[in-house]
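Here's the letter readout for the chains.
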Amino acid sequence: MGEADCSRPGEHVVVVVGAGAAGVLSAVSLVRASERCRVVLVDPAERPGRGLAYGTTHPGHLLNVRAGRMSALAERPDHFVDWTAAQGHAVGSADFVSRGVYGDYLAAVLARVVETGRVQVRRAYAVDVEEAADGLRVHTTTGVVAAGAVVLALGNRPPVHLPWEIDQGGQSWCVPDPWAPGALAGVAVAEPGPPVVLVGTGLTAVDVALSLASDAGHGIVAVSRRGLLPATHLTGPEAVWPTTVPAGDTELTTGGLLRLLRSEVAEAAEAGVDWRAVIDGVRPAVRGLWARLPEGERRRFLRHVARFWDVHRHRMAPQVAARVEGLRAAGRLVVRRGRPVDAVPDGLGCRVGLRGVDGRVSWMRAAAVVNCTGPRADVARPPGPLVGALLHRGLLRPDPLRLGLDVSAAGEVIGRDGRPHPRLFALGALRKGRLWESTAIPEIRQQAADLAELLVAASRARA
Ligand SMILES: Cc1cc2nc3c(=O)[nH]c(=O)nc-3n(C[C@H](O)[C@H](O)[C@H](O)COP(=O)(O)OP(=O)(O)OC[C@H]3O[C@@H](n4cnc5c(N)ncnc54)[C@H](O)[C@@H]3O)c2cc1C
């Protein structure tokens, strides 16, 4: 396949791999940062712009962030809310909107920048990036694209395989990736059959429970080590609490941060302010706090605190929580503590072995078992073709905690030689090891804007 040189004289071409939310926000920031910047968005998706989170068509799948924080444009916080009004279904900035509607918004934002003629969407899979004298060459399934810089916005990967999925992945009762198209279609069964077992009790499990519960009347058992469901957002406008974090750049400990949070929560409670305001108040400082945790403390955080942080930080919309409570009250959703250790075929379904808190394994019949452990972080386990090729070339390496890629503070990808690449960047989830909070729209929007400024400045310096 031939090489497509998308640049015109004096133009700077950036290839953004991935046209989910992060890719769209990156493209928007780049064309707004410089008239000389052209963007090629590479993604095989049929409906670019939506990605995994906002491609859902289930009306019960709601944003877990209020509409007022979901604008694609940092300097116009009401952009999303205003867009809904222009579509004739106005929402308030404190509302939780369906993720499908947000996907429509991102698609509309993308369509606007495509209209400028400076953003092109290429329906293809990127499989390699090669260095050239004048930049980079992105190899895709439909040809090669020359670029001055490449942004990897690869987003969410399918969950880590559960032990039995290697052998049983093809069975209709075994669902290794609930986000794969049509994955849940074969799961619907009528009562009084055995329940569907969800492995995980986080936001993915909640989404799947809502999908299944609205399709059929069968029971659902969600299992995780701690049996914790996500906390719930309060209705109405958010309370604000100016959470105080330690100044300076001295090293911190996980224990110290926990004590700080607890004392802030207690102080807020005395002032009549809900704990959620403390968590939200600390969010802008998380990046700096994470940077001050030495690697051993970060590992301690991951082992002992991360799950608790996640359930308090990534909360369910109130309507979603009400639906979940309704299902639990009706006995159609049961949340259990335990660890699924095996699943074997049994008639049309399977039997699942659950190790309980007492260490004993008990077996239960299930119509299906769905992997709801959430997106896989480790890019090398196993790598897709693109990451595999870049690892092979030594252009990137996983971060020490295996949460994403090793990147510089500016998002440059760090190669096997330990040097940041001046033309290869990562955005969103791939930066989690460096930033911890790097997956939600408010954080990605800021990263995209900062990266656009950096890329435009670098291309001017090279010109
Ligand atoms: C179920 C769910 C709900 C969420 N809800 C919210 C929310 O309400 N609010 C919020 O702020 N955040 C939410 N998040 C966080 C969410 O991760 C981000 O908001 C958003 O999905 C990130 O978009 P992304 O583009 O990084 O990733 P993705 O949406 O995963 O998109 C990545 C894109 O990259 C493409 N791609 C990957 N590899 C290649 C390749 N080699 N070549 C070409 N294309 C490639 C994929 O096809 C995909 O389209 C949610 C996440 C999930 C999983």
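Note that the structure is predicted; figures quoted are calculated from it, not measured. Think of each chain on its own: its residues are numbered from 1, step by step along the sequence as written. Reporting in this predicted model follows two pLDDT cut-offs: at least 70 for local features of residues, and 80 or more for side-chain atom pairs to be given and counted; totals over whole chains, interfaces and linings ignore these cut-offs and use all residues. Side-chain metrics rest on all non-hydrogen atoms present in the structure, leaving aside hydrogens and water.

(A) How the structure looks around the sheet that holds strand β10 (residues 196-199). Two strands qualify as a pair provided DSSP detects at least 2 bridges between them. What counts as a helix is a DSSP run of H or I of at least four residues, what counts as a strand is a run of E of at least two, and both are numbered from the N terminus. The five strands are arranged β9-β16-β10-β11-β12 in an open sheet whose pairing can be described as parallel. Where the open sheet ends on each side, the last strands, each with one partner, are β9 (174-175) and β12 (333-337). Note: β10 against strand β16 (residues 368-371), four bridges, orientation parallel. Paired with Val197 across the bridge in β16 is Val369.

(B) Quick look at the side chain of Thr56. Looking at the element boundaries, Thr56 is found in the loop between β3 (37-42) and α2 (79-86). Three labels apply to residues, based on accessible area from a 1.4 Å probe with only protein chains included: buried if under 20% of the type maximum, exposed if over 50%, partly exposed otherwise in between. The exposure class of Thr56 is buried, given its relative accessible area of 13%. Separated by 3.1 Å, the side chain of Thr56 and the backbone nitrogen of His58 make a polar contact. Think of a polar contact as two N or O atoms within 3.5 Å of one another; within protein, one of them needs to be a possible hydrogen donor and the other a possible acceptor, and neighboring residues in sequence only count if both atoms come from side chains. In terms of polar contacts, Thr56 uses its side chain to reach the side chain of His61, at 2.8 Å. Residues in contact with Thr56, not counting those within four places in the same chain, are His61, Arg99 and Gly100. By definition, residues are in contact when any of their heavy atoms lie within 4.5 Å.

(C) Highlighting the side chain of Gln447. The topology assignment puts Gln447 in helix α13 (residues 441-462). With a relative accessible area of 4%, Gln447 lands in the buried category. Apart from the residues lying within four places of it in its own chain, the contact partners of Gln447 are Leu427, Gly428, Arg431, Leu435 and Ser438.

(D) Seen up close, the pattern of salt bridges. Criterion for a salt bridge: a side-chain nitrogen of Lys or Arg within 4 Å of a carboxyl oxygen of Asp or Glu. Counted by the stated rule, this structure contains 20 salt bridges. Arg299 is paired through a salt bridge with Glu295; the nearest N and O atoms lie 2.6 Å apart. Of this pair, Arg299 and Glu295 both sit in helix α9 (residues 295-313), separated by four residues, roughly a single helical turn. When its relative accessible area of 39% is taken as the criterion, Glu295 is described as partly exposed. Asp378 is the partner of Arg402 in a salt bridge, and the nearest nitrogen-oxygen pair spans 3.5 Å. A residue pair is termed long-range when its members are at least 10 positions apart, and Arg402 in the loop between α11 (385-393) and β17 (412-414) and Asp378 in the loop between β16 and α11 qualify at 24 residues. Asp378 gets classed as buried once you look at its relative accessible area, which sits at 13%. One connected set of salt bridges, linked through shared partners, spans Arg66, Arg69 and Glu238.

(E) Local environment of the environment of Ala27. Position of Ala27 relative to the elements: it lies in helix α1 (residues 21-33). Residue contacts for Ala27: discarding those within four places in its chain leaves Val39, Leu41 and Val119.

(F) Inspection of the packing of aromatic side chains at higher detail. When two rings of Phe, Tyr or Trp (its six-membered ring) have centres within 6.5 Å they constitute a pair, described as stacked for plane angles under 30 degrees, edge-to-face for angles over 60, and tilted for the intermediate range. Taken as a whole, this structure holds nine aromatic pairs when the rule is applied. Among the aromatic residues, those joined into a cluster by ring pairs are Tyr54, Phe80, Trp83, Tyr102 and Tyr105. Criterion for a charge above a ring: Lys NZ or Arg CZ within 6 Å of the ring centre, and within 35 degrees of the ring normal. Its end group placed over the ring of Trp436, Lys432 keeps NZ or CZ at 4.5 Å from the ring centre.

(G) Representation of the domain arrangement of the chain in the model. Splitting the chain by domain gives domain 1 (3-157 + 377-462), domain 2 (165-231 + 316-371) and domain 3 (254-313). Each of domain 1 and domain 3 has a C-alpha centre, and the two are 28 Å apart. Together, the buried faces of domain 1 and domain 3 total about 1200 Å²; carbon and sulfur atoms form 55% of this surface. On the domain 1 side of the contact with domain 3, Leu401, Trp436 and Glu437 bury the most area, a combined 50% of that side's loss. Across the contact surface, domain 1 and domain 3 share two salt bridges. Among the ionic pairs, Arg313 bridges to Glu437, the shortest N-O distance being 3.1 Å. The domain boundaries here were taken from an automatic or database domain assignment. Accessible-area loss on putting two parts together, using a 1.4 Å probe and summing over both, is the definition of buried area adopted here.

(H) The site of the ligand, seen in detail. Any residue with a heavy atom positioned within 4 Å of a molecule or strand is treated as near that molecule or strand. Around the ligand, 32 residues are found, and the nearest of them are Asp43, Tyr54, Asn64, Asn156 and Ile441. Leu52 is positioned with one of its backbone polar atoms (N or O) 2.9 Å from an oxygen atom of the ligand. Listing elements by their share of the shell around the ligand, those giving two or more residues are α1 and α13. Among the elements that take part in the shell around the ligand, α13 stands out by supplying three residues, more than any other.

(I) Broad picture of the packing of helix α7 (residues 275-282) against α9. Helix axes use the C-alpha atoms of the stretch in contact, all axes being lines fitted to C-alpha atoms, and the angles between their N-to-C directions lie in the range 0 to 180 degrees. Direction vectors running N to C along α7 and α9 enclose 110°, while the axes themselves pass 10 Å from each other. Considering the angle they form, α7 stands roughly perpendicular to α9. Counted together, Trp275, Ile279 and Val282 of α7 and Trp309, His312 and Arg313 of α9 form the full contact between these two elements. Each residue receives one of three labels: charged for Asp, Glu, Lys and Arg, nonpolar for Ala, Val, Leu, Ile, Met, Phe, Trp, Tyr, Cys and Pro, and polar for the others, Gly being one of them. Here the residues of the contact of α7 with α9 are counted per class, giving four nonpolar, one polar and one charged. Relative orientations are named as follows: roughly parallel for angles under 35 degrees, roughly antiparallel for angles over 145 degrees, roughly perpendicular for angles from 65 to 115 degrees, and oblique for any other angle.

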